[in-house]
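Descriptive analysis of the structure
Listed below, chain by chain, are the residues.
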Amino acid sequence: MIPPPNVTGSLHMGHAFQDTVMDTLIRHQRMRGKNTLWQPGTDHAGIATQMVVERRLAAEGKSRHDVGREKFIDEIWKWKEESGGTILRQLRRLGASPDWERERFTMDEGLSNAVKEVFVQLHEEGLIYRGKRLVNWDPVLHTAVSDLEVVSEEENGFLWHFNYPLTDGSGHLTVATTRPETMLGDSAVAVHPEDERYADMVGKTITLPLVGREIPIIADDYVDMEFGTGCVKITPAHDFNDYEMGKRHDLPMHNILTVDAKINEHAPEKYRGLDRYDARKQIVADFEALGLLGEIKDHKLMVPRGDRTGSVIEPFLTDQWFVKAAPLAEPAIKAVKDGDIKFVPQQWENTYFEWMNNIQDWCISRQIWWGHRIPAWYDDQGRVYVARDEAEAYTQAKEAGYEGELHQDNDVLDTWFSSALWTFSTLGWPENTKALQTFHPTDVLVTGFDIIFFWVARMIMMTLHFKKEVPFKEIYVHGLVRDGEGQKMSKSKGNVLDPIDLIDGITLEDLVNKRTYGMMQPEKAAKIEKATRKQFADGIPAFGTDAVRFTFASLASNGRDIRFDLNRCEGYRNFCNKIWNATRFALMNIEGHDCGANGGEVELSVADRWIISRLQQVEKDVNQSLANYRLDLASQAMYEFMWNEYCDWYLELTKPILNDENSTEAQLRGTRQTIVRVLETTLRLMHPIMPFITEEIWQKVAPLAGIEGETIMLQAYPEFDESKVDEQAVSEVEWMKTFIMGIRSIRSQMDIAPSKPLTVFIDNASEQDQAFLANNEVFLSRLARLESITLLDGEAPKSATALVGEMKILIPMAGLIDVDAERARLNKEIGKLEKEVARVNGKLSNEKFVSNAPEAVIAKEKEKQAQYESALSNLKDQLVSLEEL
RNA sequence: ACGACCGUAGCUCAGUUGGUUAGAGCACUACCUUGACAUGGUAGGGGUCGGUGGUUCGAAUCCACUCGGUCGUACCA
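Residues numbered from 1 in each chain as written. Chains lettered and ligands numbered in written order. Predicted model: local features only at pLDDT ≥ 70, side-chain atom pairs only at ≥ 80, totals over all residues. Heavy atoms only, no water.

As a structural note, the neighbourhood of RNA strand B is formed by 57 residues, with Asn241, Arg563, Trp643, Arg839 and Tyr868 the closest of them. Close to the protein, within 4 Å, the atoms of RNA strand B belong to sugar or phosphate groups at a rate of 65%. Here Ala176 contributes a backbone N or O atom positioned 2.8 Å from a sugar or linking oxygen of RNA strand B. Those elements that provide at least two residues to the surface near RNA strand B are strand S6 (172-177), strand S11 (293-306), helix H19 (566-590), helix H21 (631-658), helix H24 (727-749), helix H26 (819-845), helix H27 (847-852) and helix H28 (855-884). The element that contributes the greatest number of residues to the surface near RNA strand B is H19, accounting for 11 residues. Tallied by class, residues from the surface near RNA strand B come to 21 nonpolar, 16 polar and 20 charged. (Near = heavy atom within 4 Å. Polar contact = N/O pair within 3.5 Å; in protein donor to acceptor, adjacent residues only side chain to side chain. Helix = DSSP H or I, 4+ residues; strand = E, 2+ residues; numbered from the N terminus. Nonpolar A, V, L, I, M, F, W, Y, C, P; charged D, E, K, R; others polar.)

What follows concerns the pairing of strand S9 (residues 214-219). In terms of strand pairing, strand S7 (residues 188-191) meets S9 through 3 bridges, oriented parallel. Looking across to S9, one finds that Val189 is bridged to Ile217. Both strand S8 (residues 205-207) and S9 contribute to a ladder of 3 bridges, which runs antiparallel. Bridging across to S9, Ile206 finds its partner in Ile215. (Pairing = 2+ DSSP bridges.)

Turning next to the sheet that holds S11. Strands sit in the order S6-S5-S11 across an open sheet of 3 strands; the sheet is antiparallel. Edge positions in the sheet fall to S6 and S11, since each of these pairs with one other strand and no more. Averaged over all pairs of adjacent strands, the angle between strand axes in this sheet comes to 20 degrees, irrespective of strand direction. Where strand S5 (residues 150-165) meets S6, 6 bridges bridge the pair, whose relative direction is antiparallel. By the bridge assignment for S6, Trp160 is matched with Thr177. This element, helix H7 (residues 276-290), spans S5 and S11 of the sheet and lies at about 25 degrees to S5. (Axes fitted to C-alpha atoms, helices over the stretch in contact; angles between N-to-C directions. Contact = heavy atoms within 4.5 Å.)

With that out of the way, let us pick up the pairing of strand S20 (residues 442-448). Of all the 7 residues making up S20, 5 are buried; the element is thus mostly covered by neighbouring parts of the structure. Bridge analysis of S20 against strand S21 (residues 472-478) gives 6 bridges, and the strand direction is parallel. Within S21, the residue paired with Thr447 across the bridge is Val477. With helix H14 (residues 452-467) bridging S20 and its parallel neighbour S21, the resulting β-α-β unit is right-handed. (Buried < 20%, exposed > 50% of the residue type's maximum accessible area, 1.4 Å probe, protein only. Right-handed = clockwise from strand over helix to strand, strands pointing away.)

It is worth spelling out the packing of aromatic side chains at this point. Summed over all chains, the structure comprises 31 aromatic pairs. When the centroid spacing of 4.9 Å and the interplanar angle of 25 degrees are considered together, the rings of Trp355 and Phe453 count as stacked. Separated by 98 residues along the polypeptide, Trp355 in helix H9 (residues 348-357) and Phe453 in helix H14 bring together distant segments of the chain. Among the aromatic side chains, those forming a connected cluster through ring pairs are Phe550, Tyr572, Phe575, Tyr639 and Trp643. When the ring centre of Trp362 is taken as origin, the NZ or CZ atom of Arg458, which lies over that ring, is 4.0 Å away. (Phe/Tyr/Trp six-rings, centres within 6.5 Å; stacked < 30°, edge-to-face > 60°. Lys NZ or Arg CZ within 6 Å of the ring centre and 35° of its normal.)

Next up on the list: helix H22 (residues 665-686). The end-to-end C-alpha distance of H22, which contains 22 residues, comes to 31 Å, matching closely the 32 Å that a straight helix rising 1.5 Å per residue would cover. Taking burial as the measure, the 22 residues of H22 include 19 buried ones, the bulk of the element. (Expected span 1.5 Å × (residues − 1).)

A separate point is the environment of His687. Along the polypeptide, His687 turns up in the loop between H22 and helix H23 (691-704). You can call His687 buried: its relative accessible area is 1%. Through-space distance from the C-alpha of His687 to that of His28 is 8.2 Å; in sequence the pair is 659 residues apart. With residues near it in sequence (within four places) discarded, His687 still touches Arg27, Met31, Thr694, Glu695, Ile712 and Met713.

Relative to the helices and strands, Asp99 resides in the loop between helix H4 (69-93) and strand S2 (104-105). In this structure Asp99 is buried but unpaired, with Arg30 as the nearest side chain of opposite charge at 5.1 Å. Reaching out from Asp99, the side chain makes a polar contact with the backbone nitrogen of Trp38 at a distance of 2.7 Å. Those residues within four positions of Asp99 in sequence are excluded, and the remaining contacts are Thr36, Leu37, Trp38 and Pro40. (Lys, Arg positive; Asp, Glu negative; His and termini not counted. Salt bridge = Lys/Arg side-chain N within 4 Å of Asp/Glu carboxyl O.)

Of all hydrophobic cores here, the largest spans 133 residues; its most connected members are Tyr646 and Phe739. In terms of residue count, H21 provides more of this core than any other element does, 14 residues in total. Not counting chain neighbours up to four residues away, the residues in contact with Phe739 comprise Ile762, Leu773, Leu780, Leu786, Val804, Met807 and Ile809. Membership of the second largest hydrophobic core comes to 62 residues, among which are Leu111, Val336, Ala376 and Val477. (Core = buried A, V, L, I, M, F, W, Y, C linked by side-chain atoms within 4.5 Å.)

Those residues of helix H16 (residues 508-516) lying buried are Leu508, Leu511, Val512 and Arg515. Considered in projection along H16, the buried side chains sweep an arc of 100 degrees and stay on one side of the axis. Residues of H16 that are buried make contact with helix H17 (525-535). (Arc of directions from axis to C-beta.)

In this section: the state of the cysteines. Tallying each qualifying case throughout the model produces 0 disulfides. Its sulfur unpaired, Cys576 is 9.0 Å from the next cysteine sulfur, which belongs to Cys569. Of the residues examined, Cys576 reaches a relative accessible area of 9% and is grouped as buried. (Disulfide = S-S within 2.5 Å.)

Our next topic: the confidence of the model for chain A. When pLDDT is averaged along chain A, the result is 90; 99% of the residues meet or exceed 70. Model confidence for the complex is summarised by a pTM of 0.92, with the ipTM given as 0.94. (pLDDT = per-residue confidence, 0-100.)

The next point concerns the sheet that holds strand S26 (residues 799-804). As a general point, the strands of a sheet are linked pairwise by backbone hydrogen bonds and lie either parallel or antiparallel. As summarised here, the arrangement of the 4 strands in space is S25-S24-S27-S26, forming an open sheet in which the pairing is mixed. Across the chains shown, the open sheet's two edge strands, defined by having one partner strand only, are strand S25 (786-791) and S26. Within this sheet the neighbouring strands show an average axis-to-axis angle of 25 degrees, counted without direction. Across 5 bridges, strand S24 (residues 758-763) lies against S25 in parallel orientation. Residue pairing for S25: Leu758 is matched across the bridge by Leu786. Strands in contact with H28 are S26 and strand S27 (807-812); relative to S26, the strand with the most contacts, it is inclined by about 170 degrees.

Here it is, written out as structure tokens:
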């Protein structure tokens, strides 16, 4: 499932990350032979899209009302074509491999039918109702918005104290408010029932200043005696808590605002038409003039703002459509509790449960034009007919004995209402299509935590209700993509990156322009420009899609936000380059040569057997990591294998064979075959994360490995094969690596030129050591640059020493190495070892450790003890002989 | 206020049910234009794992408290 991005705008880093994750998973499963579906598409993003198109009209000096509803919607469709195309192009650039022919849009005919069907059915079941309720109202957009679209943040304000005189003239009550203008709609003053200060006033009335309305003093235990004066003004039509209290006490609701949040005709003449904030000032002034204004205190309060417009949201009394959420939530909670749906990481279940357990009815009507129009029709008497289409509505009206005109509800549905049906509506529901049977329920949803409520929870509710099965079995919740400083990326902060710019690169000037163009707050442009010039002094180089994807993958740890680090991206671009170079080497040595594809005797070297063994382990690790959504571990395993094993060691170890005139045809065939086969397999292994480079190289390499096929995308994914593991070869190569690194280390520390061939003697070699030496002399000489390797016979010359287990490698110092330098080096090594020996000895001499720790752990410690001690005594001997000679 | 998550090398991050000398990339130092690769090679330096206390033979890992950060949810007019 691909969470539908808004058709507005373009893909941002969050999408790129998410799409990388999804594409990696889907490519992996596809290669594993599964019948996969990755459902692409976009949602219509009602409010956001409408705003974009309105802004474009505004640029021409027009409003949507000037052009009219139908024309306006045409405009949006035009815009959608353009913008939706951008998104699909970007997806392709990112290497995404969804099922393009199954692309869906939430306003498609099929999806629209599903929406209508769901609406009608839910209405029939009594789960959708219409009612006059207090909703969150955006006075700029003139529409209701859901709780989730309101962001409350702390802001500085004031607490005004007003004196409300009692009607009987026996005094006054002091109330406090943060929104003075709402007093015009007050219906009561409330005190706590047990508050002795006001006990005798309950039941009396107050004459509301400026308005003159007589309102009761009521008792309700919602009131906090400790706060302020202990008296609360109650405005049921403009506050959610007051609304509840109003219902409890059957108070009248005085709506005093217009849709623009201006004072309406229910208020005294003087205030009508004033903006809410102007009215506030006027009312405070008037209270002061009346001598009824008490103190004014600074006060921090939470101010609700619309997430799209940033305007202060008003609780507003209007007719709206609602989904009764509780009955739908119940099975949705159960599905997660029972493990039918699993969150990864699991902790997100808590977030889900918390919201679901306190779920509020969902306001689904929006007073905008762009969206699914509500399938409800009204007659002259205001009776409502909910139907799939107009004809059905007329039939219903007729049956109800109404013959006149019907008009459809002007409102549209919340975008998330259609998104909630995504899993099954995209597969053809309500028809029981083949696709629906094949792909429903789906396996996994990949999404960000920010839409667990908006989308995920609602999808689960709707799907369980209509399909009677879960929409998906697992939900992989990933983190947010932040910038290098850990800041959220946003247009207004000017720190957004376009994934395409990372792929293709961008000049500093273009980047600055992009970030400062069309800003909501142009005054920030200078600051953004400065920051951008500082951070990207040379612009951004082109990293390529594969490097960008690999970076995302490597940062995709379990459920934590990721800081996009350009340096890491650069590192992974270099990795791509490394793959190219390794390929060049491989092709150079393979093209036009016999790689054993057509038979012939094949002899594998120890290096061949080693790399094949290591490959098995990596295949195992990568498969497991991908199955656990650990793309970071998978990518790291690929990186290490390709670079640190295949390139650094294996390819180096092939050179002595390939370049040796004495190599047999069988040996050459074996090595060439292994070079190409391991490369080909590694390409398949890496393909889900790096689709482009692996495909391109694979096209060249696969035929040489004797593999036929159109594309790497449909090749089998590599799987661990126990029979290909050769422990003998692994330990032999490890032995060689220790040997070579020991010499390199001395060379480097003793300042011996890398080009200088060395003569070495071997002392204290076991039978196995001697066998390994005999087998691998060519490898050792070449990789460590040795002139000769001789088993020591008799007295050792003054030497620098490296250890391979018990075996000593002696490098004669004559003319090369300074005694002091070698002494210092040995002492340093000895110091390290002594610390370790002391630690291990301490452990093993601790009775409690020996009696409590598991056998295996003790054995391991003993082994370490022996190793360290032997190495230590060897080095000490060496130190002594250094002094003696 | 409650809850969740995070705090590991200069930076970005791994560290699977407690058990090698805590790892990687980038950055840093030295050396190296050796025929795949300087977007490279080789060898190095660098961390008392936020703090305190506890459980344990043994803690980066488990528990408690605490400090710092991020994010949710709820808020008193």
